[in-house]
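A structural walkthrough
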Amino acid sequence: MKKKITILMMVLIFVMSTPITTFAKGKEKYPGSTTYTDNSTPPKTNKKKTKNGPQGNPPTKKGKAPNSGTPEVTIYKKNKSGVTYVKTTSKKKKINIPDKVAKNYKVTVVGDNALKNNKKVTEVTIGNNVKTIGKSAFENDTKLKKVTIKSTKLTKVKDKAFKGDKNLKKVTIKSKKVTFGKKVFNGCKKVTFVATNKVKKLIKKAK
């Protein structure tokens, strides 16, 4: 009897001393065939991180936002015979004052100070319907070199319209009947005129 008890105790001691971790490894089976999978530690990957993201991915480039810029704005104002070209935000070197604008309004007047002190413009073309060029319309446009006045309807160029345009070289005037205000071309020492002799004489008086 004592021998049986001694053997039984030895078996119990052996079973109790067996490591439990044998059944705790991934996909090993517990007694009773219950599957165990360890998800506590995420699987390791062999991808190496770089400045441009995981290896194998194309590098990403930070693109610059498109430069929308500021749209050009030209202002016109109604007058008795059509509209007046008041001013523009254009930075172009060549500026065209058109014959007509929206709804077929004729551009009949270049307003006072319309392009005064413009430091970008080098050439101006004035459309076929302009009758009047206002005071100081192009005064101190120091880079202005060429002016073409296409209108045969031009009757008046007001005071100081082109005063201080020191680099003005050529002015074409197609109208045959024009009156000029005071100091219209004052300071324009390099300019030559393409016009009728009568108009040229009037210009000289206006200087």
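Residues numbered from 1 in each chain as written. Predicted model: local features only at pLDDT ≥ 70, side-chain atom pairs only at ≥ 80, totals over all residues. Heavy atoms only, no water.

**A word on unusual backbone geometry**
Look at Asn-113: it is not a glycine, yet its phi comes out positive at around 60°. Tracing the chain through its elements places Asn-113 in the loop between β7 (105-110) and β8 (123-126). Residue Asn-113 is classed as partly exposed on the basis of its relative accessible area of 41%. (Helix = DSSP H or I, 4+ residues; strand = E, 2+ residues; numbered from the N terminus. Buried < 20%, exposed > 50% of the residue type's maximum accessible area, 1.4 Å probe, protein only.)

**Here we look at the packing of aromatic side chains**
According to the stated counting rule, one finds 5 aromatic pairs in the structure shown. Here Tyr-76 and Tyr-85 contribute two aromatic rings whose centre-to-centre distance is 5.6 Å and whose plane-to-plane angle is 80°, an arrangement assigned as edge-to-face. In this structure Tyr-76 comes out as partly exposed when scored by relative accessible area, which is 27%. Among the residues examined, Tyr-85 registers a relative accessible area of 2% and is labelled buried. On the numbers, 6.5 Å between centres and 55° between planes, the contact of Phe-180 with Phe-185 is tilted. Of the two residues examined, Phe-180 and Phe-185, each falls in the buried class. Among the aromatic residues, those joined into a ring-pair cluster are Phe-138, Phe-162, Phe-180, Phe-185 and Phe-193. (Phe/Tyr/Trp six-rings, centres within 6.5 Å; stacked < 30°, edge-to-face > 60°.)

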